[in-house]
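An overview of the molecular structure
Residue strings, one per chain:
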Amino acid sequence: MSARPNSAPGSTLTVAAAALATVLALGILWGVVTLFQSKGTPMERLRAAERACAQYIYLSERQACMNEWLAASQPRVVALETRSTNTSPTKQ
């Protein structure tokens, strides 16, 4: 009987395989999320653009129409300018 504990053979290989599987799973998850994000454009806006441009036969014309439709329907955020009343230290 030896006093030395018997380490499992190939435990380093098991850890390496688990790490590789984790990296692959995260890569697949990232790919699926990226596909659903669709470059920041919500899918319902893309579907509406496809329906609005369905009359175009050529793909290049349809894509140009969809790009124009999406640009026109892009929500615009306008910052409001607020006026301050005598808050400047130089104007007193």
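Shown above is the structure to which this text applies.
Residues numbered from 1 in each chain as written. Predicted model: local features only at pLDDT ≥ 70, side-chain atom pairs only at ≥ 80, totals over all residues. Heavy atoms only, no water.

1. Describing the overall build of the protein chain
For the record, the criterion: Under the scheme used here, helices are H or I runs from DSSP no shorter than 4 residues and strands are E runs no shorter than 2 residues, and both carry numbers assigned from the N terminus. Partly exposed residues are those whose accessible area sits between 20% and 50% of the maximum for their type, while under 20% is buried and over 50% is exposed, using a 1.4 Å probe and protein chains only.
Counting its regular elements, the protein chain contains three helices and zero strands. Along its sequence from the N terminus, the protein chain presents helices and strands in the succession α-α-α. Per-residue burial over the protein chain gives 10% buried out of 92 residues.

2. A look at the nonpolar core
Soluble globular proteins tend to pack their nonpolar side chains together in the buried interior. Where we set the bar: Take the buried Ala, Val, Leu, Ile, Met, Phe, Trp, Tyr and Cys residues and link them wherever side-chain atoms come within 4.5 Å; each set so joined is a nonpolar core. Between two residues, a contact is recorded if the distance between any of their heavy atoms is within 4.5 Å.
Leu46, Ala49, Cys53, Cys65, Met66 and Leu70 form the largest nonpolar core, which has six residues in total. The biggest single contributor to this core is helix α3 (residues 59-72), with three residues. Excluding residues that lie within four positions of it along the chain, Ala49 makes contacts with Met66, Trp69 and Leu70.

3. Here's the deal with the side chain of Arg45
Residue position: Arg45 is located in helix α2 (residues 43-52). Discounting residues that sit within four places of it in the chain, Arg45 has contacts with Trp69, Leu70, Ser73, Gln74 and Pro75.

4. Things to note about the packing of α2 against α3
Heads up, the condition is: Throughout, an axis means a line fitted to C-alpha atoms (over the contacting stretch in the case of helices), and angles, computed between N-to-C directions, take values from 0 to 180 degrees. Roughly parallel covers angles under 35 degrees, roughly antiparallel covers those over 145, roughly perpendicular covers 65 to 115, and oblique covers all other angles. The handedness criterion is simple: a crossing whose near helix is rotated anticlockwise from the far helix by less than a right angle is left-handed, and one whose near helix is rotated clockwise is right-handed.
Packing of α2 against α3 leaves a shortest axis separation of 9 Å and a crossing angle of 130°. In terms of orientation, α2 and α3 fall into the oblique class. Here α2 and α3 pass one another in a crossing that is right-handed. Touching Arg45, Leu46, Ala48, Ala49, Glu50 and Ala52 of α2 are Met66, Trp69 and Leu70, all from α3.

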